[in-house]
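Below are the chains, spelled out letter by letter.
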Amino acid sequence: MKYTVSLKENRVFRRLYAKGRSAVSPTMVLYCRKNGRRENRLGLTTGTKLGHAVVRNRVRRRLREIYRLQEHRLSPGYDIVVVARVRAVYSRYAELERDFLRLAKKLQLLSPQGSNAEGEKP
C-alpha cells in the first residue's frame, strides 16, 4: 500500500498556485506541477467559506479518500493541490470522484497503464 505524502509548507502551495497548471470544476480546483521526485505529494485546501471545522474536515476526508483510491492511476512525480469549493460541501461522493478524475485527465495526470482500471469504461 502506498503512503500519501502531504504538502504542508506555505511556500510550496504558493509556488504551485503561481507556476503550476490548473483545471476547474464546480466542486474543486486542481493544481499540479512536476516535483522531481518519484512520488506524488498531495495538498488539500478548504477555506472558511465552506463552513465550520466539522464541515471542512468532512470535505477534506472525502477528498483524501478519493485521492487514495485513485492514486494508482496517477503518474508519479507531481505536487497536487485540491482546493475545495463551496459546492463540494453539498455534493455526493460520486460527483466529487467524477470531478477529480475529469480534472486529472484534463491535466494529463492519469498514467496510461492505470487508465483502464475499475470504474472507467474501456
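Coordinates for the structure precede this section.
Quick notes on the rules
Numbering of residues begins from 1 in every chain and follows the order in which that chain's sequence is written. Since the coordinates come from a predicted model, pLDDT governs what is reported: local features require at least 70, and pairs of side-chain atoms require 80 or more to be given and counted, while whole-chain, interface and lining totals use all residues. Hydrogens and waters are ignored; side-chain quantities use all the structure's heavy atoms. Axis definition: a line fitted to C-alpha atoms, limited for helices to the stretch in contact. Angles are taken between N-to-C directions and run from 0 to 180 degrees. Secondary structure elements are defined from DSSP: runs of H or I of at least 4 residues count as helices, runs of E of at least 2 residues count as strands, and each element is numbered from the N terminus. Should an angle lie under 35 degrees it is considered roughly parallel, over 145 roughly antiparallel, and from 65 to 115 roughly perpendicular; all remaining angles are considered oblique. Crossings are sorted by hand: turned counterclockwise from the far helix by less than a right angle, the near helix makes the crossing left-handed, and turned clockwise it makes it right-handed. Contact criterion: two residues are considered in contact whenever any of their non-hydrogen atoms come within 4.5 Å of each other. In the scheme used here, Gly and all other residues not listed as nonpolar or charged are polar, with Ala, Val, Leu, Ile, Met, Phe, Trp, Tyr, Cys and Pro taken as nonpolar and Asp, Glu, Lys and Arg as charged. Strand pairing requires that DSSP identify at least two bridges connecting the strands.

Student: Now, about the packing of helix H2 (residues 53-70) against helix H4 (residues 93-106): what can you tell me, with residues and values included?
Tutor: Orientation of H2 relative to H4, taken along the N-to-C sense of each, is 55 degrees, at an axis distance of 10 Å. Classified by the angle their axes make, H2 and H4 are oblique. The two elements H2 and H4 cross, and the hand of that crossing is right-handed. Across the interface between the two elements, Arg-62, Glu-65, Ile-66, Tyr-67, Leu-69 and Gln-70 of H2 pack against Tyr-93, Leu-96, Glu-97, Phe-100 and Leu-101 of H4. Classifying every residue of the contact of H2 with H4 by side-chain character gives seven nonpolar, one polar and three charged.

Student: So, the sheet that holds strand E4 (residues 41-45): which residues are in play, and what are the values?
Tutor: Strand order across the open sheet formed by five strands is E1-E4-E5-E3-E2, with mixed pairing between neighbours. Only two strands of the sheet have a single partner each, and these edge strands are strand E1 (5-6) and strand E2 (21-24). Sheet topology places E2 next to strand E3 (residues 28-34); four bridges connect them, and they run antiparallel. For Arg-21, the partnering residue across the bridge sits in E3 and is Cys-32.

Purely geometric numbers; function is a separate question.
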